[in-house]
Every structure is written in C-alpha cells, then in structure tokens.
Amino acid sequence: MRFDVRRAALTLAAPLLAIIFAVLVTSLVLAVAGDPVGEVWSTIFSKPKPRNIVNIINSGSVLYLSALAVAVGFRMNLFNIGVDGQYRLAAFVAAYVAGEAWLPGKLNVVFSIVVAIAVGAIWAGIAGLLRVTRGVSEVISTIMLNSIATYLVAYLLRQVSAKGTNNIHTNDIPVSSQLAGFKIVPDAPIAVYTLSLLAVVAAVFYWLLLNRTVFGFNLRATGQSESAAVASGVNVKKMIIVSMLISGGIAGLIGMPLLFGDSYNYGLTFQTGLGFAGIAVALLGRNNPIGIAFAALLFAFLNEQSNALQLTAGVSNDIVNIMQGVIVLSVVVAYEVVRRYNNAAEQRRVAAQLESTRQPEEVAA
Amino acid sequence: MRRSTKFAAVLTAGILSVALTACGGGSDNKNSANDTGSSGGKSDIKVGMAYDIGGRGDQSFNDMAAAGLDKAKSEFGIKTSESEATPDEAESAKEDRLIQLADAGYNPVIAVGFAYSEAVGKVAKQYPDVKFAIIDDTANTDKNVTNLVFAEEQGSFLVGAAAALKSKAGHIGFVGGVNTPLINKFEAGYDAGAKAVNPSIKIESAYLTQPPDFTGFNDPGKGKTAAEGQFDAGADVVYHAAGGSGLGVFQAAKAAKGLAIGVDSDQYLTASADLQPFILTSMIKHVDVAVYNFIKSVKDGDPLTGTVTFDLKAGGVDFSTSGGQVDDIKSKLDDFKKQIIDGTIKVPTTVK
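Each value, and the rule that gives it
Residues numbered from 1 in each chain as written. Chains lettered and ligands numbered in written order. Predicted model: local features only at pLDDT ≥ 70, side-chain atom pairs only at ≥ 80, totals over all residues. Heavy atoms only, no water. Helix = DSSP H or I, 4+ residues; strand = E, 2+ residues; numbered from the N terminus. Buried < 20%, exposed > 50% of the residue type's maximum accessible area, 1.4 Å probe, protein only. Contact = heavy atoms within 4.5 Å. Areas by Shrake-Rupley, 256 points an atom, 1.4 Å probe, with all protein chains shown as cover. Lys, Arg positive; Asp, Glu negative; His and termini not counted. Charge placed at Lys NZ, Arg CZ, Asp CG, Glu CD. Axes fitted to C-alpha atoms, helices over the stretch in contact; angles between N-to-C directions. Left-handed = near helix turned anticlockwise from the far one by under 90°. Nonpolar A, V, L, I, M, F, W, Y, C, P; charged D, E, K, R; others polar. Domains from an automatic or database assignment. Buried area = accessible area lost by both parts, 1.4 Å probe. Salt bridge = Lys/Arg side-chain N within 4 Å of Asp/Glu carboxyl O. 1 Å grid on protein atoms, 1.4 Å probe; cavity = no way out; pocket = protein on both sides within 12 Å on 5 of 7 lines; lining within 4 Å. Points joined across faces, edges and corners; volume = space filled by probe spheres on them. Core = buried A, V, L, I, M, F, W, Y, C linked by side-chain atoms within 4.5 Å. Polar contact = N/O pair within 3.5 Å; in protein donor to acceptor, adjacent residues only side chain to side chain. Phe/Tyr/Trp six-rings, centres within 6.5 Å; stacked < 30°, edge-to-face > 60°.

Asks: Outline the overall build of chain A, supporting the account with residue identities and numerical values.
Replies: Looking only at helices and strands, chain A features 15 helices and zero strands. In terms of its C-alpha atoms, chain A occupies a principal-axis envelope of roughly 95 × 55 × 35 Å. Classification of the 365 residues of chain A by burial places 53% in the buried group. Expressed as a percentage of contacts within chain A between residues at least 6 apart in sequence, the contacts between residues at least 24 apart total 76%. For chain A, the exposed surface amounts to about 16100 Å²; the carbon and sulfur share of it is 68%. In chain A, 24 side chains carry a positive charge and 17 a negative one; their mean positions are 6 Å apart.

The following block contains the structure:
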C-alpha cells in the first residue's frame, strides 16, 4: 500500500467530519429539547483546568487499554465483547492479591499485574476454547461470561470484604505498593497514574506483534480472509485461541492504573463499563494504535468536560453519550463510504491501465 | 471491517437509547439547577446536592433526598444547586462533582448514597472549610463530614411482622434491588420481624441484580418477574427494597391478588388507584428528614457532626398506615416498636 496524499486526507477527513456532524446532531437534540445550546458547547469546549487535564490523561489511558484489547480481536475478525467482564474479574483478583500483600513493595505491584493479565486471558480464553471446540460464537459466549463475571465477583467480594460498611471492598493495598503517579501537569492537585505507562507498553507490544511478527501477519491475514489464510496453511483454531488470550490479557490491564493509582482496592464503586466504551473507541480509532490514542483522548475529554454541564447549563451530561454515539456511527459510515469510493477508483484505474496497454497492441494489429 | 460496520450500528443504537432514556430522567435538572429560593425566609446558605444515579425523579431514594432539600428551600429560602451521577462514570467524576459544588461556594455539600464514600473522603480533605454530609455511609471520620445513616433493619422488622400477621399461607417474600450490604439490612430486619410473629414462617428471597450492576433499583420488569415467582411459590405478602423496580412488585401483587409492602416513602400515596388495594404498608426511610435536619442544623449554626443514626426512636424509619390495611394489627406493631426502642428487641443487620 503506497502512500497516497489524497488517501491520507480522506482518512483524516472522515473523523473530523464525524465530529462536526456529531456537534450538529447534538445541537439539534438540545434545541428540540429547549436546552441552551451555546452554554453546552462553551462548557464542553472550555479550557480544562489542570485537574481536568490530569483526569483526561488518566481516563484516556484506561480507555486506551480497553480499546486495544478489543482491537486485537477486531483485527482477527473476532468480537471480544467480554472485555468488560475480563477487566472486572481481573481487577478484583489483582486487588485481592495486592491487598493480601504476599510480596513486599513494588514486587507486589508486578505480581498483581501478572495475575491480572493471567485472569483476563483465562476468562477470554474460555470463549476462544468454546469457539474452536464447539463452534460457539464468541459474541454470545463473551456476553454470557460478562454476566457470569458479575455474579462471580459480587459473590467473591462478599466473601473477602470486611463487614459493617455499605461500601464493601477488598483490603486496601499496602502503602508501599501504592503508586504516587507523575506530577507532570503544573498546578494540578492530582497526579497522572504511574501505570498509565502500561498503555504505552501495550501500544508498542500491539504494533510490534501485528506488524513485525509472523503471528501478526497470520492474524491480519485470517481477519481479512479466513479461507485464504487456511489455504496458505494458517492454523486458524490456534490463532483464535491465542488472539483471545492476548485480547483478554490486555483487558486484564485495564483496571490496573485505577487500582494502584486511585482506588487502592476493588469495591462496589470500582469503575464499570470500560470494556464497552473500549469497543466504541477501537471502532473510532480504526484499530490503529495511534488512531485509538486520539479516540481515547477524545472520549476522555468529552466525558471529563461534560461533568460540569449539570451545574453550568442545567443539562444532563448524558448528552455527551449521544455525541459519542453519533461520532462512532458517522465515522464508521464515513470510512465505509471512503472504502467503497477507493475500491471504485481502484477498479477504474486498473481498467484504464488495461485499456491503455491493450490499445497499442490493437493499433499495431 | 465490514462486520464491524454492522456492529457499530448496533452499538450506537444501544448508546443512543441509553442516552435518550437518561436524558428523559435528567430533564428535571434544568428547573432545579441554579434556582434561587423565592418563598420563605432569607438565608445566605448555599446547599449543593450530589445525587446518585437516577437523580430527581427516580420515585425512590433520590427523590426522598430531594424532598428534604425542597422543604428546606421553601422554609429557609436557601440557594441550591444539584447534580447527579451517571452510570459507568469514573470515580474522578464523582470527586469533580463535589469539587465543582465546593468551588462554586456551596456549603454544605450533601452526597446522596454510599457510592460517594471515597469521593467525599478525598474532597473533604481538600476543602476543610466546607461541610459535607453523606447519606448511607459511615466510612469517613473527617471532622467536616457528617454521616447520615438509618436503622433500616428496625423499620423492616415492623413491616416483616406486619407481613407475617397478614399472611394466611404462613409464606412471605422479599425482593431486594441489588445484593449489597445495605439492602441485606432490609432483608435481615424483615426476616427477624416475621419470625418474631411466626417462627415457622417460610420466606422467599430474591435480588434483582448483583453489583456493580445497579439496574436492579430501576427495572420494574425484573421486579415483577421476581415477585411473580414468589407469589407462584405460595407467598402471599411480598416486601420490596428495590427502589423504582418496586412498581413491578405491586403489579405482580395485583395479578396474584396478594399483598405488597413498599419502601423508602409511603408508596400507597404515590401508587395508582388500581394498585393501592394491594399495598399493605410501606417501610418509610426518612431520607428527607435527614437532609432537612442537616440543612437546618447548618443554618442554625450548630451543624450535626459525626455519624447521626436515624432509627425508630429518632423517627428516622417507620411503617406507614395509609390505606388502613394495617389498622387491625397496628397495636401489635406499635408494641414491637416500643420493644425495639427500649432495647428489648435487638434487630440483626445481616442475614445469616
């Protein structure tokens, strides 16, 4: 695929147009509901305070991990909808392990992260195993596993938590294993999670895996055409299992920045729904490690800036969900339009070339 | 990517439907945010309220808190500002909500629900001059945090006794919204009250969802299915501690010609006429009183501090008599009430 200026411009134009379109649709919704359109946008697009910037980076990195977990599946044409259950189960188990503090200080952190990766991978692996052995669609099985994870974590949480409080949680991680974070934003009273770095590590891993390994090549090949991959000797069953394990392993990381940088335990108020947000972010970012980074930051920005809406504009911050939904939908539609346009252009170009190579022969004849 | 195109459409439809329903519930904010009190006396106190998911209009817990705020507003002429939690939000969003209120000069700031437990703990330390109150949580011990909690088990004991006295089959049921320690308290008191009347009574128990899925507080369909199951199993009185899902329990009671017991507010008064005959009583949890009393104490310059428990003795929990269905057993219930207040009966807070 050679570099093509027009092609690159089209790729960038799609998300930009999608955002503009989403702003228009959202404005329409606000206007119909009789809400103050101007105040909503001036709140959302106001300059974030230092504290908000830190929050955007933090939740952006968490969303990034979630989207990456989803993207690994997408590239293989696998829909791991179970990222949500995988990260919650992994975060719970890791929080329990870290809270028990079997290892000292930073070793405890490393060990807990490894446990989280393993738990996420195993939970996703179940869906992979069901797919290759019994032909169960991973969409169905991962949704089911999400539900099972909810029950399992709720049950286990009740078993391990101290009684007598309404907000039950695992034991707090010992202070020596809590991570202070990076004070990289001046004047912000809070710090960027230390484990935001996991997002960077995962991004490099994802890029190397897909673009620089045989496995990555096979994964992309299988995703684009399973029959062609089989014909060229790819073991698709093995690919499915391994992809699900990797996807689940990355999913296991999602809760780690929150766990070691903010909550220090897993309780009833641990953030939920990140796995589903990751699906939208992965779609928006086109499964590209850089695209996902922009998408994650955009979603984090919108979430953070909408917090003040209820107080400044008297509008529920759920309005931002409409905007995010429209962005994802219109981006996907735009990409599809661009793809078809490019296909048609390619066909015309090839046809024209064939035409021009044939003509001299005809002339000669 | 083509499969993902279809998938994106489904996903977006889902997001939109969630967002639209949420907007429907949130539209009330517009009227209440940034309003200034017009009637009653004048006070320069500005009260910030941070609701849990559902906010105003949830026909339950949040609405009770809002009722207390409204009462204080009309009596004292205070300024108020309100904001509510959204599903799946980050912990930092809860902190932000409290910080925004504190930054805008709202003092006191009241957090509705134990979901704010950690957020209040963090923000209270950053704003030592702002008074915070949190409902249903005792985790924070900072000087500027007041914990407003209830003896739900005591009120539930009384409606449990009422259920046992009214049950012809000797078989009753309990429907909890979400399986959390808070709702377990309702069940524990209910069981104890029923067994105090009839030690051999059979009690069905169901929870609609498991945390962190808190939809069990706002899903009448689930409430109906669970209650139907209990009526089918032979129960004839069902108590719900399930917030907005309770409507389904009332509907199931009507269909089975059984009885249902409401929660939080006197639900006989808010139910439609066709459901009223099937509502035996309600376990009232006076979140409104707690909010009102707290604001009043701040206004009077002598704020409530530490952990304040609203129990039977303080009138924080009670059973309702609207509809007259418990008139014949009221003396027995009042007797239990007296024994709980004087300590003769100790009501458990956890289910065995």
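Asks: Would you mind going over the packing of helix α5 (residues 105–134) of chain A against helix α6 (residues 138–160) of chain A in detail, with residue names and values included?
Replies: All names here are of chain A. Running from amino to carboxyl end, α5 crosses α6 at an angle of 145°, the nearest separation of the two axes being 9 Å. Our pair here, α5 against α6, has a crossing hand that is right-handed. When α5 is examined against α6, the residues Trp-123, Ile-126, Ala-127, Leu-130 and Arg-131 are found in contact with a partner set consisting of Glu-138, Ser-141, Thr-142, Leu-145, Ile-148, Ala-149 and Leu-152. Considering only residue class, the contact of α5 with α6 consists of eight nonpolar, two polar and two charged.

Asks: So, the domain arrangement of chain B: which residues are in play, and what are the values?
Replies: All names here are of chain B. Once the domains are mapped, chain B shows domain 1 (25–150 + 288–310) and domain 2 (152–285 + 321–341). A C-alpha centroid distance of 29 Å is found between domain 1 and domain 2. With eight residues of domain 1 at the interface, the matching set in domain 2 holds 10 residues. Taking both sides of the interface into account, the surface hidden between domain 1 and domain 2 amounts to around 840 Å²; carbon and sulfur atoms contribute 60%. On the domain 1 side of the interface with domain 2, the three residues burying the most area are Met-64, Phe-114 and Phe-150, jointly 53% of the side's total. If you look at where domain 1 meets domain 2, you find one salt bridge.

Asks: Help me get a handle on the pattern of salt bridges, residues and values and all.
Replies: Residue and element names in this part refer to chain B. For the coordinates displayed, the defined rule picks out 23 salt bridges over all chains. Across the pair Glu-152 and Lys-285 runs a salt bridge whose closest N-O atoms are separated by 2.8 Å. Placement of the pair is Glu-152 in helix α6 (residues 152–166) and Lys-285 in strand β10 (residues 279–285), with a sequence separation of 133 residues. In this pair, the class of Glu-152 matches that of Lys-285, namely buried.

Asks: Hey, could you go over empty space enclosed by the protein for me, with residue numbers and the actual values?
Replies: A complete count under the given rule lists three cavities of 30 Å³ or more for this structure. Counted as a void, the largest cavity has a volume near 190 Å³. Forming the walls of the largest cavity are 18 residues, and the residues nearest its centre are Leu258(A), Asp262(A), Ser263(A), Gln271(A) and Glu91(B). The biggest single contributor to the lining of the largest cavity is helix α3 (residues 50–75) of chain A, with four residues. Residue composition of the lining of the largest cavity, grouped by class: five nonpolar, 10 polar and three charged. Along the walls of the second largest cavity sit Arg51(A), Asn55(A), Pro189(A), Ile190(A), Ser92(B), Glu95(B), Asp96(B), Ile99(B) and Gln126(B), which together make up its complete lining. Listing elements by their share of the lining of the second largest cavity, those giving two or more residues are α3 of chain A together with α4 (91–103) of chain B. Here the lining of the second largest cavity takes four residues from α4(B), the largest share from any one element. By residue class, the composition of the lining of the second largest cavity is three nonpolar, three polar and three charged.

Asks: How would you explain the nonpolar core if you had to name every residue and give the values?
Replies: Grouped together as the largest cluster of nonpolar side chains are 168 residues, with contacts concentrated most on Met256(A) and Phe260(A). In terms of residues, this core owes the most to one element, α3(A), which gives 12 residues. Counting residues in hydrophobic clusters, the runner-up holds 20 residues, among them Ala50(B), Ala111(B), Tyr116(B) and Val130(B).

Asks: Give a detailed account of the domain arrangement of chain A, specifying residues and quantitative values.
Replies: Residues and elements named next belong to chain A. Per the domain assignment, the segments making up chain A are domain 1 (1–35 + 315–365) and domain 2 (54–314). Opposite the 14 residues of domain 1 that make contact, domain 2 presents 14 residues. Of the roughly 1300 Å² buried at the junction of domain 1 and domain 2 (both faces included), carbon and sulfur atoms supply 69%. Applying the counting criterion to the domain 1 and domain 2 interface returns zero salt bridges. For the pair domain 1 and domain 2, the number of links is five residue pairs in polar contact (both at pLDDT 80 or more). Here the element with the most residues in the side of domain 1 that touches domain 2 is helix α15 (residues 319–364); it accounts for nine residues. Across the side of domain 1 that touches domain 2, the residue classes tally to 10 nonpolar, four polar and no charged.

Asks: Before we move on, can you summarise the packing of aromatic side chains with the specific residues and values?
Replies: Residues and elements named next belong to chain B. The final tally for this structure, using the stated rule, is 13 aromatic pairs over all chains. Centre to centre, the rings of Phe-157 and Phe-336 are 5.5 Å apart; their planes meet at 70°, and the pair counts as edge-to-face. Linking Phe-157 in helix α6 with Phe-336 in helix α12 (residues 330–341), this pair joins segments that are 179 residues apart in sequence. The pair formed by Phe-157 and Phe-336 is uniform in burial state, with each residue classed as buried. When the centroid spacing of 4.8 Å and the interplanar angle of 40° are considered together, the rings of Tyr-190 and Tyr-239 count as tilted. You can see Tyr-190 sitting in helix α7 (residues 181–197) and its partner Tyr-239 sitting in strand β8 (residues 237–241), a full 49 residues away along the chain. Grouping residues by exposure puts Tyr-190 and Tyr-239 together as buried. Taken together through their ring pairs, the aromatic side chains of Phe-174, Tyr-190, Tyr-207 and Tyr-239 make up a single cluster.

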